[in-house]
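Notes for the structure review
Below are the chains, spelled out letter by letter.
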Amino acid sequence: LPQVLVNVEVADRDSVEHAEPLWAAVDEASAKLEGRGRVLVRPSGTESLVRVMVEAPEREEAERVCEELVGVVRSELGA
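The following refers to the structure shown. (Residues numbered from 1 in each chain as written. Predicted model: local features only at pLDDT ≥ 70, side-chain atom pairs only at ≥ 80, totals over all residues. Heavy atoms only, no water.)

Spatially, three strands are ordered β1-β3-β2 in an open sheet, and the strand pairing comes out antiparallel. A single partner strand is all that each edge strand has here, and the edge strands are β1 (3–9) and β2 (38–43). Geometrically, the sheet is characterised by an average inter-axis angle of 10° between neighbouring strands, direction not taken into account. Judged from the six bridges that link them, β2 and strand β3 (residues 49–55) form a sheet pairing that is antiparallel. Pairing of Val39 across the sheet is with Val54, part of β3. (Pairing = 2+ DSSP bridges. Helix = DSSP H or I, 4+ residues; strand = E, 2+ residues; numbered from the N terminus. Axes fitted to C-alpha atoms, helices over the stretch in contact; angles between N-to-C directions.)

Take a look at the structure:
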């Protein structure tokens, strides 16, 4: 499957754990891709980054879903 990975700079990578709007968006994106792809959002282990990865049957869909999630990360946790 096509995969898109975006690293998003954030003020505090540990705050991702409590970003409820982000996890709601991840759940929604995962539900849309159910059985056809996957979504992974996680903080970097070494940098002030959140990594957003999306796999989908079509590259355009993966890019669209990834950009939506990147927007949520930036609005909730942006540097």
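Take Arg38: it is sitting in strand β2. Note on Arg38: relative accessible area 44%, which makes it partly exposed. Spatially, the C-alpha atom of Arg38 lies 9.7 Å from that of Leu1, the residues being 37 residues apart in sequence. Once residues lying within four places of it in the same chain are set aside, the contact partners of Arg38 are Gln3, Leu33, Met53, Val54 and Glu55. (Buried < 20%, exposed > 50% of the residue type's maximum accessible area, 1.4 Å probe, protein only. Contact = heavy atoms within 4.5 Å.)

For soluble globular proteins, nonpolar side chains are generally found buried alongside one another. Among the nonpolar cores identified, the biggest contains 24 residues, and Val52 and Leu69 are the most heavily contacted of them. Of all the secondary structure elements, the ones that give two or more residues to this core are β1, α1 (20–32), β2, β3 and α2 (59–77). A per-element tally of this core places α2 first, with seven residues. If near-sequence neighbours (up to four positions away) are discounted, Val52 is found in contact with Val4, Leu5, Val6, Val8, Leu40, Val41, Cys66, Leu69, Val70 and Val73. (Core = buried A, V, L, I, M, F, W, Y, C linked by side-chain atoms within 4.5 Å.)

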